[in-house]
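Structural features, examined
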Amino acid sequence: MTAPVVRTTCPYCGVGCGVLVRRKADGAYDVAGDPEHPANKGRLCSKGSALAETLSLDSRMLHPMIADRLVSWTQAINHVADRFKSTIAEHGADAVAFYVSGQLLTEDYYVANKLMKGFIGSANIDTNSRLCMASSVAGHKRAFGADTVPGNYDDLELADLVVLVGSNLAWCHPVLFQRIVAAQQARGTQIVVIDPRRTATAETADLHLALAPGSDVALFNGLLRHLDAAGAIDPAYVTAYTSGLDAALDAARADDPATVERRTGIEASKLLAFYELFTKHQRVVTVYSQGVNQSTAGTDKVNAIINCHLATGRIGKPGMGPFSITGQPNAMGGREVGGLANMLAAHMDLNRPDHARIVQRFWKAPTIATRPGYKAVDLFRAVGEGRIKALWIMATNPVDSLPEADSVSRALQACPFVVVSDVERHTDTTAYADVLLPSLAWGEKDGTVTNSERSISRQRAFMPVPGQAMPDWWQMAEVAKRMGFAKGFGFKQPAEIFAEHAALSATDNAGTRDFDIGAHAGITAARYDTLTPFQWPQPDGHAVGTARMFSDGRYFTADQRARFVPTVWREAASAISDAYPLVLNTGRIRDQWHTMTRTSKTARLMGHIAEPFVEMNPADAARAHVQATEIAVVRSAHGSILVRVQTTERQRLGSVFVPIHWTDQLSSSARVDVLVTGNTDPLSGQPELKFTPVTVEPFQAAWYGFAIGVRPPNRVGLEYWALAKARSGFRLECAGRTQQSDWAEFARRVLGIEAAADMLAYRDATTGQHRFAVFENECLIAALYVANRPAVVSRGWLADQLGQRFPGPHDRMRLLAGRAGDGVPDKGAIVCSCFDIGATQIATAVTGGGCVDVAGIGAALGAGTNCGSCRSEIGRIVEHTRRATVE
Ligand code: SF4
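These lines cover the structure that appears in this document, whether it is placed above or below. Every value quoted in this text rests on a predicted model; they were computed, and no experiment measured them. (Residues numbered from 1 in each chain as written. Predicted model: local features only at pLDDT ≥ 70, side-chain atom pairs only at ≥ 80, totals over all residues. Heavy atoms only, no water.)

**Observations concerning the overall build of the chain**
- A count of helical and extended segments in the chain gives 30 helices and 34 strands.
- Taken against the 2.2 N^0.38 rule, which gives 29 Å for 887 residues, the C-alpha radius of gyration of the chain at 27 Å falls within 12% of a compact globule.
- Counting only C-alpha atoms and orienting by the principal axes, one finds that the chain spans roughly 80 × 70 × 65 Å.
- In the chain, buried positions account for 62% of the 887 residues. (Helix = DSSP H or I, 4+ residues; strand = E, 2+ residues; numbered from the N terminus. Rg over C-alpha atoms; globule rule 2.2 N^0.38 Å. Buried < 20%, exposed > 50% of the residue type's maximum accessible area, 1.4 Å probe, protein only.)

**Regarding the pattern of salt bridges**
- All told, the structure shown has 56 salt bridges when counted by the stated rule.
- Here Asp216 ties to Lys301 by a salt bridge, and the two come within 3.3 Å at their closest N and O atoms. In this pair, Asp216 is assigned in helix H8 (residues 216-229) and Lys301 in helix H14 (residues 298-312), connecting sequence segments 85 residues apart.
- Residue classification places Asp216 among the buried positions, given a relative accessible area of 4%.
- A cluster of three or more residues bridged by salt bridges with shared partners is formed by Lys41, Asp154, Glu157 and Arg179. (Salt bridge = Lys/Arg side-chain N within 4 Å of Asp/Glu carboxyl O.)

**Remarks on the sheet that holds strand E31 (residues 769-776)**
- Taken in spatial order, the 6 strands line up as E28-E29-E27-E32-E31-E30 in an open sheet, and their pairing is antiparallel. Looking at the sheet topology across the chains shown, the edges are occupied by strand E28 (720-726) and strand E30 (758-764). Across the sheet, the mean angle from the axis of one strand to that of its neighbour is 10 degrees, orientation sign disregarded.
- Here 6 bridges tie strand E27 (residues 703-709) to strand E32 (residues 779-787), and the two strands are oriented antiparallel to one another. (Pairing = 2+ DSSP bridges. Axes fitted to C-alpha atoms, helices over the stretch in contact; angles between N-to-C directions.)

**What to know about the pairing of E30**
- Looking at chain direction, E30 and E31 are connected through 7 bridges and run antiparallel. When the sheet's bridge partners are listed, Met759 is paired in E31 with Val774.
- Joining the antiparallel neighbours E30 and E31 is a turn of 4 residues, in which Gly768 adopts a positive phi near 70 degrees.

**Describing helix H11 (residues 257-264)**
- Within H11, burial applies to Thr259, Val260 and Thr264. Buried residues along H11 cover an arc of 120 degrees about the axis, so they all sit on one side. Across H11 from its buried face, at more than 90 degrees, point the exposed residues Ala258 and Arg262.
- Next to the buried residues of H11 lie H8 and helix H12 (268-280).
- Downstream of H11 by one or two residues, Gly265 has phi in the positive range, about 70 degrees. (Arc of directions from axis to C-beta. Contact = heavy atoms within 4.5 Å.)

**A closer look at the side chain of Thr648**
- Take Thr648: it is sitting in the loop between strand E24 (640-647) and strand E25 (655-659).
- Given a relative accessible area of 9%, Thr648 falls into the buried group.
- Here Arg650 takes part through its backbone nitrogen, which lies 2.9 Å from a polar atom of the side chain of Thr648.
- Setting aside residues up to four positions removed in sequence, Thr648 forms contacts with Glu615, Met616, Asn617 and Pro618. (Polar contact = N/O pair within 3.5 Å; in protein donor to acceptor, adjacent residues only side chain to side chain.)

**A short note on the site of the ligand**
- Around the ligand sit Cys10, Tyr12, Cys13, Val15, Gly16, Cys17, Leu44, Cys45, Lys47, Gly48, Pro174 and Val175, and that is every residue in its neighbourhood.
- Looking at the shell around the ligand, the elements that each hand over two or more residues are helix H1 (46-49) and helix H7 (174-187).
- A breakdown of the residues in the shell around the ligand according to their chemical character gives 9 nonpolar, 2 polar and 1 charged. (Near = heavy atom within 4 Å. Nonpolar A, V, L, I, M, F, W, Y, C, P; charged D, E, K, R; others polar.)

**Here's the deal with the packing of helix H4 (residues 130-144) against H14**
- Between H4 and H14, whose axes approach to 8 Å, the crossing angle comes to 50 degrees. Judged on the interaxial angle alone, H14 and H4 are oblique. When you trace H4 past H14, the crossing you get is right-handed. Contacts between H4 and H14 involve Ser135, Ser136, Ala138, Gly139, His140, Arg142, Ala143 and Phe144 from the first element and Gly298, Thr299, Asp300, Val302, Asn303 and Ile306 from the second.
- Residue classes in the contact of H4 with H14 are distributed as 5 nonpolar, 7 polar and 2 charged. (Parallel < 35°, antiparallel > 145°, perpendicular 65-115°, else oblique. Left-handed = near helix turned anticlockwise from the far one by under 90°.)

**Topic: the packing of H8 against H11**
- For the pair H8 and H11, interaxial distance at closest approach is 9 Å and the crossing angle is 155 degrees. By the angle class used here, H8 and H11 are roughly antiparallel. Both H8 and H11 take part in a crossing whose hand is left-handed. Between H8, through Ala218, Leu219, Gly222 and Arg225, and H11, the contact on the second element is made entirely by Pro257, Val260, Arg263 and Thr264.

**Quick look at the packing of aromatic side chains**
- Summed over the entire model, instances satisfying the criterion amount to 28 aromatic pairs.
- Following the ring pairs from residue to residue traces out a cluster consisting of Phe84, Phe98, Trp392 and Phe417.
- Above the face of the Trp721 ring, Arg715 is positioned so that its terminal group lies 4.9 Å from the ring centre.
- When the ring centre of Phe730 is taken as reference, the NZ or CZ atom of Lys725 above it lies at 5.6 Å. (Phe/Tyr/Trp six-rings, centres within 6.5 Å; stacked < 30°, edge-to-face > 60°. Lys NZ or Arg CZ within 6 Å of the ring centre and 35° of its normal.)

**Digging into the sheet that holds strand E12 (residues 284-288)**
- With parallel pairing, the 5 strands of this open sheet are ordered in space as E10-E9-E8-E12-E13. The open sheet terminates on both sides in strands that have one partner only, identified here as strand E10 (207-209) and strand E13 (321-324). Taken pair by pair, the neighbouring strands of this sheet meet at an average axis angle of 15 degrees, ignoring direction.
- Pairing between strand E8 (residues 161-165) and E12: 5 bridges, direction parallel. Bridge pairing in E12 links Leu161 to Val284.
- Where H14 meets the sheet, it contacts E8, E12 and E13, and its direction lies at approximately 175 degrees from that of E12.

**Here's the deal with the pairing of strand E14 (residues 390-394)**
- For E14, the buried fraction is high: 5 of the 5 residues fall into the buried class.
- Of the two faces of E14, the one holding Ala390, Trp392 and Met394 and the one holding Leu391 and Ile393 are both buried throughout.
- As paired strands, strand E6 (residues 96-100) and E14 are joined by 4 bridges and run parallel to one another. When the bridges of E14 are listed, Phe98 appears paired with Trp392.
- Here 5 bridges tie E14 to strand E15 (residues 417-422), and the two strands are oriented parallel to one another. Among the inter-strand pairings, Trp392 is bridged to a residue of E15, identified as Val419.

**Comments concerning the environment of Asp742**
- Mapped onto the fold, Asp742 is located in the loop between strand E29 (729-736) and helix H25 (743-751).
- A sequence separation of 451 residues divides Asp742 from Gly291, and the C-alpha atoms of the two residues are 48 Å apart.
- At 3.0 Å, the side chain of Asp742 and the backbone nitrogen of Glu745 are in polar contact.

**Remarks on H12**
- Given a rise of 1.5 Å per residue, 13 residues ought to cover 18 Å, and the 18 Å separating the end C-alpha atoms of H12 matches this to within 8%.
- Taken together, the buried positions of H12 are Leu271, Phe274, Tyr275, Leu277 and Phe278. Along H12, the residues classed as buried sweep out an arc of 160 degrees about the axis, all on the same side. (Expected span 1.5 Å × (residues − 1).)

**Side note on the nonpolar core**
- Counting residues in each nonpolar core, the largest one holds 134 residues, and the members touching the most others are Val287, Leu391, Met616, Ile857 and Ile874.
- Looking at this core element by element, the count peaks at 6 residues for helix H17 (residues 376-384).
- If we ignore the near neighbours within four places in the chain, the residues touching Val287 are Leu156, Val162, Val163, Leu164, Val165, Leu169, Phe323 and Ile325.
- One finds Ile77, Ala112, Val419 and Val479 within the second-largest nonpolar core, a separate group that totals 67 residues. (Core = buried A, V, L, I, M, F, W, Y, C linked by side-chain atoms within 4.5 Å.)

Written out as structure tokens, the structure is:
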């Protein structure tokens with residue numbers, strides 16, 4: 001009998017792809033894209049495709065704990081409730097806070113918000129989505145009167161021009177990117193990428209504008225001015241449906257074209273090319289994400305973009321509109337229930353007494369928050385300054401992800417009471433918890449999420465609940481009951497929470513508020529189980545949701561007109577200096593997600609980039625006296641990190657890039673937010689994660705090492721290290737400033753082996769090379785390669801040899817050489833994670849297989865034919881190999 005297929009959604013990015021999961025006969029799970037889900041229509045990216053490899057219970061937190069002691073749920077809940085109650089009694093409601101996450105399901109978020117704002121009576125609940133899209137929320141509200149995403153994913157395929165601003169969509173939202181690329185190939189959609197870096201996305205673009213970091217407002221003000229001069233403003237639309245154009249134009253005219261050129265660092269001809277493309281095409285969608293939002297001018301950037309769409313009337317129509325793409329799977333759901341410290345539930349406003357009355361009455365709540373709570377960065381400052389004395393962190397890792405991250409650690413250390421609900425036992429944040437509460441992971445929990453196009457989908461459980469893990473909503477409801485709020489929190493299942501959330505959205509609404517899912521008020525558990533994706537709003541009586549907003553030109557402001565917002569370019573809050581001459585930009589890489597608690601479990605995803613790095617222009621690297629593959633110190637006014645140097649012309653001169661993912665769990669010192677200043681946008685509170693002045697210095701390594709082991713190598717005492725999962729064990733990069741007196745002893749310590757172990761050694765004193773391979777029953781269990789320069793060995797091939805038999809001296813010597821040798825397959829570094837294809841295989845397909853382009857590689861190896869986010873990388877390898885062959 002075939003196992004039933006469970007329809008759920010991917011837990012990673014804001015595309016919100018539908019996923020089909022089936023349990024196989026061997027107990028493992030099969031994951032595939034859901035062809036019926038409107039977001040992905042069957043596609044999955046490398047991360048989504050590898051979901052089945054992330055389901056192990058290794059490292060899971062499975063029992064409640066108080067001060068590292070296992071306790072019962074009753075003990076844990078009573079303890080949390082008592083401490084929150086006593087803190088409130090002694091210091092007031094604003095002395096407690098929740099810090100939640102876009103990883104939570106809407107039902108979890110709803111209960112958290114209800115408890116804090118309606119029953120505790122404080123608005124001190126904020127979310128890590130503050131770091132991702134708060135500027136879009138603020139920009140939407142200024143322009144539309146509500147936090148409304150106007151369009152949908154189909155618009156990206158209907159557009160003639162797609163402008164991607166501050167968004168490496170190819171790596172961060174790969175399935176959406178593939179939909180755009182398919183439209184580019186099928187109907188000639190033009191793509192413009194606006195990004196300081198020449199990213200994988202930019203390499204597919206018809207035009208790439210490598211603007212100076214933070215100059216987006218100048219660029220779009222220049223566009224508004226150009227649209228006006230070119231007669232491209234739609235006077236009928238502006239007159240009928242908007243207000244404030246003149247003031248916005250006055251602000252835009254403050255910068256003449258030469259000033260725009262100077263501010264953006266983009267030559268006039270390229271600026272004009274973009275402006276003319278935008279002017280010429282009626283069907284334009286402007287997609288933006290963290291590159292726009294994560295700025296002290298983030299809200300202005302959003303409004304500068306929206307201004308251009310309002311001026312041309314290109315909004316609310318097929319193939320047109322500004323489009324904010326969220327980073328997290330349920331950032332939108334959090335916005336809908338009021339998961340931000342400055343919002344009430346159901347998109348209602350904290351500062352509107354009529355809204356506060358609606359919510360309080362509906363909840364039958366004893367109180368209601370009427371003034372904003374602390375936004376994320378300020379919230380942790382308040383913790384550090386002792387104003388918040390009890391904090392509950394759910395499904396997020398602020399010790400790694402917030403700016404001035406070491407201050408966050410210190411704040412948690414000093415906080416009298418910290419609760420952490422998580423699925424992982426050991427994160428950089430759980431280390432500071434007084435109480436640990438085990439939550440359900442993806443595959444175990446039930447609820448809903450909302451993706452970037454306002455589509456609400458179910459996440460469904462398909463695995464048994466492990467240990468004593470419980471849903472986050474249940475944990476909060478139990479604490480609420482123990483705090484004396486039993487009446488508001490009697491939920492038995494997520495369907496009841498969703499039904500209440502839907503009913504609240506419709507209460508006293510009648511079309512005055514954008515978020516209305518009244519059609520689902522009172523939904524039964526059976527209907528909830530079979531709920532199919534729908535786009536909000538879907539008011540009572542509507543059989544389907546709403547694909548596109550503002551089609552009638554009516555907005556949610558008092559006069560129903562959209563607002564132009566005058567925007568003025570201003571510098572980033574921090575400035576480069578002689579001490580810190582480079583601008584640090586942070587972001588994601590293709591195969592990792594957030595702080596890697598899930599994606600680091602799969603060797604396939606770790607095979608793409610296994611180590612933290614700083615990407616810099618070769619000229620900047622030369623000035624900093626660092627070389628590619630060496631370790632460098634990246635330092636800011638707040639701290640320093642150690643990362644591997646990558647040099648590339650794709651990186652803008654004067655800017656460097658470091659990924660956000662590495663934590664103290666997987667690296668010696670690569671938490672990039674340690675460097676970032678906590679400057680925030682004055683309206684949205686979103687921190688400026690894309691502009692930190694830094695300097696790069698040599699690490700002065702005396703030796704570099706690469707180790708593999710069936711068990712994790714020992715990192716104690718290593719100055720630099722980065723650990724990654726391999727297929728049959730682990731791989732470790734390491735380096736140090738001082739030579740070892742006894743390398744064999746060092747190898748035994750790092751590899752964790754006894755003196756009597758079967759260890760083969762090789763030494764070349766002239767090059768400083770020391771190589772060791774350790775066997776057990778003739779099988780390789782560990783190896784270490786050390787040299788004065790970064791070890792030149794075939795890392796992927798070596799990692800794949802763990803557990804293999806090496807009975808003879810010839811094979812063992814080949815291992816010590818660190819290379820596969822002639823005639824032995826060696827993939828090289830993984831390029832296509834979906835099909836596990838490496839760089840060496842691609843190069844061989846060019847030299848020996850006659851492949852001449854990306855399509856040829858796809859036909860021969862399959863690489864690049866699934867999610868496609870490796871296509872630009874494949875293209876570079878093909879080009880490089882062909883050039884090398886000709887030379
Ligand atoms: Fe998941 Fe990838 Fe789809 Fe994002 S694009 S939801 S990470 S499968």
